[in-house]
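# Results of the structural survey
Residues per chain, in single letters:
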Amino acid sequence: MLFSNIFRSSRLTSRLLAGGTSSSSGRYGHRKSSLALTPEEEPLDSCPRLVSDLKFPNLLPPNPVIKILIAFCKNDPVFEALVNASHRLSLEPTFVKSAESAIDAFQNPSSGGHHIIIVDARYPRTIEAEALGRSIRNSKGSQHTTMVAVVKKSVFEKDDTAVISLLDVGYNRCIIESPHVSICSSELRQIQHSLVRPQNVISTQQALYTALHRSREAVIITDDTLRAQYANRASERVLNMKLDEIVGRSLSDLVTADISNILSHTSRYKDYDGYLTTRRKSQESSQIHVRAVPVSCIGRNPTHLVLILESSSSALVSTNAIGEALQTLPQGKEVPRGSLHSIRRGSFDVRSIASDGLRRTSLAKLSSLPLEAPITKVLSLLAQVQENCSLDEAKLLDRVMEFLKREGLYSPQMKEIRTEDPVATDLIGALLTQGPTNILSSRRSSNDSIIRGGGRPSTGSIVFNKTKESSQLSDLLQTALDWDFEIFKLEDLTEKRPLVCLGLELFRRFDVYNTFNCDEMTFKLWLIEMEKHYHSENTYHNSTHAADVMQATAVYLQQLSNRELKIMDRMDEATALIAAATHDIDHPGRSSAFLCNSDNTLALLYNDICVLESHHAATTFRLTLGDDKINIFKHLDRDMYKLARSIIVDMILATEMTRHFEHLAKFVSVFGTDVESKDPLPPDNDDNQILVRRMLIKCADVSNPTRPLKFCVEWARRIAEEYFMQTDEEKRKNLPIVMPMFDRTTCSISKSQIGFIEYIIHDMMDAWNSFIEMPEIIRYMEFNYSQWKLFEEQGINTLSDIKRKQMSLTEDTASSISLEEKF
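Quantities reported herein were computed from a predicted structural model and do not represent experimental measurements. (Residues numbered from 1 in each chain as written. Predicted model: local features only at pLDDT ≥ 70, side-chain atom pairs only at ≥ 80, totals over all residues. Heavy atoms only, no water.)

### Side note on the sheet that holds strand E3 (residues 116-120)
To keep it simple, the criterion reads: When DSSP finds two or more bridges between two strands, those strands count as paired. The helix and strand labels rest on DSSP assignments: H or I over at least four residues marks a helix, E over at least two residues marks a strand, and numbering proceeds from the N terminus. Note on method: axes are straight lines fitted to C-alpha atoms, helices fitted across the in-contact stretch only, with angles between N-to-C directions ranging 0 to 180 degrees.
An order of E2-E1-E3-E4-E5 is seen for the five strands of this open sheet, with the pairing classed as parallel. In the strand order of this sheet, the two ends are held by strand E2 (92-96) and strand E5 (173-176), each with one partner. Neighbour to neighbour, the strand axes of the sheet diverge by 20° on average, direction disregarded. Alignment of E3 against strand E4 (residues 146-151), held across five bridges, turns out to be parallel. Of the residues in E4, the one forming a bridge with Val119 is Ala149.

### Considering the packing of aromatic side chains
Our working rule: Working definition: a ring pair exists when centres of Phe, Tyr or Trp rings (six-membered ring for Trp) sit within 6.5 Å. Plane angles under 30 degrees give stacked, over 60 give edge-to-face, the rest tilted. Accessible area is worked out with a 1.4 Å probe on protein chains only. A residue is then buried under 20% of its type maximum, exposed over 50%, and partly exposed in between. To sit over a ring, a charge needs its Lys NZ or Arg CZ within 6 Å of the ring centre and within 35 degrees of the ring normal.
If you walk through the whole model with that rule in mind, you get 24 aromatic pairs. Considering the side-chain rings of Phe633 and Tyr641, the 5.6 Å spacing of their centres and the 70° angle between planes classify their relative orientation as edge-to-face. When the ring of Phe667 is compared with that of Phe771, the centres are 5.5 Å apart and the planes differ by 80°; the resulting orientation is edge-to-face. Within this pair, whereas Phe667 is found in helix H30 (residues 660-671), its partner Phe771 is found in helix H33 (residues 749-772), the two being separated by 104 residues in sequence. For the pair Phe667 and Phe771, one class covers both residues: buried. Following the ring pairs from residue to residue traces out a cluster consisting of Phe507, Tyr513, Phe516, Phe523, Trp526, Phe621, Phe633 and Tyr641. The residue whose ring lies beneath Arg707 is Trp483, and the NZ or CZ to ring-centre distance is 4.0 Å.

### Considerations on the nonpolar core
Condition: Side-chain atoms within 4.5 Å are what join buried Ala, Val, Leu, Ile, Met, Phe, Trp, Tyr and Cys residues into a set we call a nonpolar core. The contact criterion used is simple: two residues touch if any of their non-hydrogen atoms lie within 4.5 Å.
Grouped together as the largest cluster of nonpolar side chains are 115 residues, with contacts concentrated most on Phe507, Phe516, Tyr556, Met765 and Trp768. When residues of this core are assigned to their parent elements, the largest contribution, twelve residues, is made by H33. Not counting residues up to four positions away in its chain, the partners in contact with Tyr556 are Trp483, Leu696, Cys699, Ala700, Ser703, Met765, Trp768, Ile772 and Met774. Counting 25 residues, the second-largest nonpolar core is a separate cluster that includes Leu69, Ala121, Ile136 and Leu166.

### Considering the side chain of Asn538
Cut-off, in case you're wondering: Side-chain atoms alone can form a polar contact between residues adjacent in sequence; in general such a contact is a pair of N or O atoms within 3.5 Å, and within protein one must be able to donate a hydrogen while the other accepts it.
Within the secondary structure, Asn538 sits in the loop between helix H23 (520-532) and helix H24 (543-562). A polar atom in the side chain of Asn538 sits 2.9 Å from the backbone oxygen of His541.

All quantities given are derived from atomic positions and should not be read as evidence of function.
Below is the structure:
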C-alpha cells in the first residue's frame, strides 16, 4: 500500500537528512545502514537494488475483536443463521430492527464503530437499505466499515439494477439470503479476510498521515509524472501556498527549474538530491533543497515519489538581508535638513506646530498598541508620508485621514431618486433605512427586495408517495442546478413543501453530509423542522422563497467551482447552503420598520437594530441545538462548529438591505467591476472570503429580476401582495405607514420593479457577473427590465393586471422564443 511503502522510504529519507551522502550515483548513502540487509549481509551500496526489493518494517495494524451490527426487521431463519455464524466466528454482534436504531447504534461513541454492518435489504418498506447505506456512509468514521446487504435470490437472478444501486450508495457486497449457518459462516469468513482485514490495514495508515502532517519538514508525494498527490502542512510554509493550491498540480507549475532531471534519476530507481527554485506565491522566487525518493506501490516500477523540501540557507540569508536593508531606510523622523518637510516645519504657525505634534503623539500611541487594525496601519503609513510632503499635500492628507477615521466608511449617502417616480422613492427608501419612523422607515428586512417569492409550507412531516408525481419530482430535481429551475412546479409537486425536497438534493450534490460528518436522516429531520417555521400565510417570505434562494446559492457555488477560483471549500459551500435555507426562517411577513413602529417583542429584544436578520440567525441555532435528532452540527469539533456558526450568522445578517451599498462598495473596492477582466482577484485572506460569501447570498436573495420573465413576474406579484397586506394593517392599527405608495388600489407594480432594478439590482449584478462570469443573469435582468417598462406603457400595473399577464405568459411558454434568440 502507498503509505506502507512511504513509511518505509521515510526511514531511508531520515537517514539522508541525518547526514547521509547524496544518492545521485544510484547507491543509497555510504554510512552503515541500520536497516535489515540481505541474508548475505551484503552492503546496500555494493550494487544497485530496486526500491521495491528493500525490506523495511511495517506499521502493524491493530487486531481487535470484530464488531458486527445486524439490522433485520424480524427474527426469521436467515437472521438466526447470521447470529449463529457470528457466534461461531467469535464476532461481537449487535442486533437492531430499524434504520434509525442502526444509525444510533453505529454512532454510539462507546459501543459503536462496527467493523461489519449487515442490512436486510429484502423488505424496503420496513428498512430502506439504500437510505440507511447513505446515512451510514455519511457518518463520521464509516469510511473503513464494511457494509453488506442481504438480498433475495431473485434479485441476483432477475434484477441486477437493485444490486448495483446498493453498491452505488456504499455497500461493499451483496449476499443471497440463506438459512444455513455453514453458508453464512463461509460468507462472513470471506468478508473478514477479503474486506475487513485490508480495511484495518488501510485505517492504520492514518497514523502515518498524521505523522507527516505534523512533521516540520515539508513533504510532497507525487505520482510518477510529478503531479502532487499529497502535501503536508509544512509544505505550505516552504511554498507559501495553501494545500489545495499544491495538491493536484504538477511540480513544473510550482518550480521554475527543469524537472526532467528528477524523473531521469528516479525512473532508474535512484534518489535525486539537488536544488530547485520555487514560484512562491506573491513573493520573490526562493531556492529550496529537494530530495526525491522513488516508491513502488504496485509492480516493480516507481509509482510515486516522496519529495522532501528544505528552504536553502541562501534564501534565508537573502531574506535577512532584505529585512536589514528595510531597517536602514530613513524613517519619518530622520528626514535630512533641507527637505520639503524641514521647510514646512520652519513655519511658526502655532496651529500647524500643534497639529503636527498631536499627529506625532497619536502615531506613537498607535505604534505602541499591542493590537493593530488594518485601518491603523493605513493611518500610520499616511502619517509617515506627511513627513516628506509639501504643506498643501499634507493638508489634503489630513482630510483623507479624517475621512478614514469615520465610521461607516462604506456606507454612502443615498443618491436622490427622481421625484417623478414616487413608487421607486417609497420602495428604495424603505429598503435602505431602518427603525421606527413616520415616513421612510423600513428596510425590506431579510432582503425584502421587491422581488417576489412564494410557496406555503405545511407543518406536517414530508412523505412522498411513489406515484406519477414522484417521477415528475425526480425528473425536476435533475435540473436542480439550472438557472431556469422550475421552483413553482416544485412548490406544486411537494404540496408547498419544497425546502426539504430541494435541500436534500443540494446537500447530496455538494457532499454536505460528509462535510458535517452527519447522516442524511438528521439533515432530513432538520429541513423538516426548518420548513415548519416558515409561515405559510406569507405570500413571499415562506419556504418557497427560501428554497429559491438556496437553489440560486447552489448555482453560484457551482459556477465558482467550474471557474476553479478555489474560493469556497467544502465547509464554505455547506454553510452557504444552510444559511440560504434558513435566512428568512420565522419571518412574520412584515418589515423591521413595522415591527419597530408597533413595539413588537422582536424589536424590543434587538433594540430596533437588524431585527429580522438577528431573529433568523438566532432561530436557526436555537432550533438546531435544541433537539439532538436534528442537530446537524453534533459531530463537528468545537473549532469547526465555531467556524460554521460564524459563517452562517454572518451570511444571514448580510441579507439586511440597510447595508446593501456598504457590502457592494466593499466588494467592488476589492474585486472591481471590469467585465472584460478574466482574472478577478481570488480571495487570499479571510476578509475577502467574507466579502464573497456576503455578496453571494445577497445576489441569491434578490435574484428574482435575473430569472426568466414568468418567474420574475410571479415573484413581483407575491411581494407586492405582502407589502399591500402590511400597508392595510398599518391603516387598521393607525401605525405609521412605512411605504404609503404600496396601496393596493393605487400602486404601480411595474414602476416598483423598474425602480428596484435601476437602483438596487443593476449595479450589484454587474459586479457579481464580472466576478463569476455568469452572463445569463445580466441578459435576463435587461430583458425583464425592458418588459417592465413595456408593461408600464401598456398600463399593466395592478395585481389583477399582473395576474392576467401571468396567464398569457404561461400559455405562451411552450411556443415562446428562447432568451438567447431574443438577444
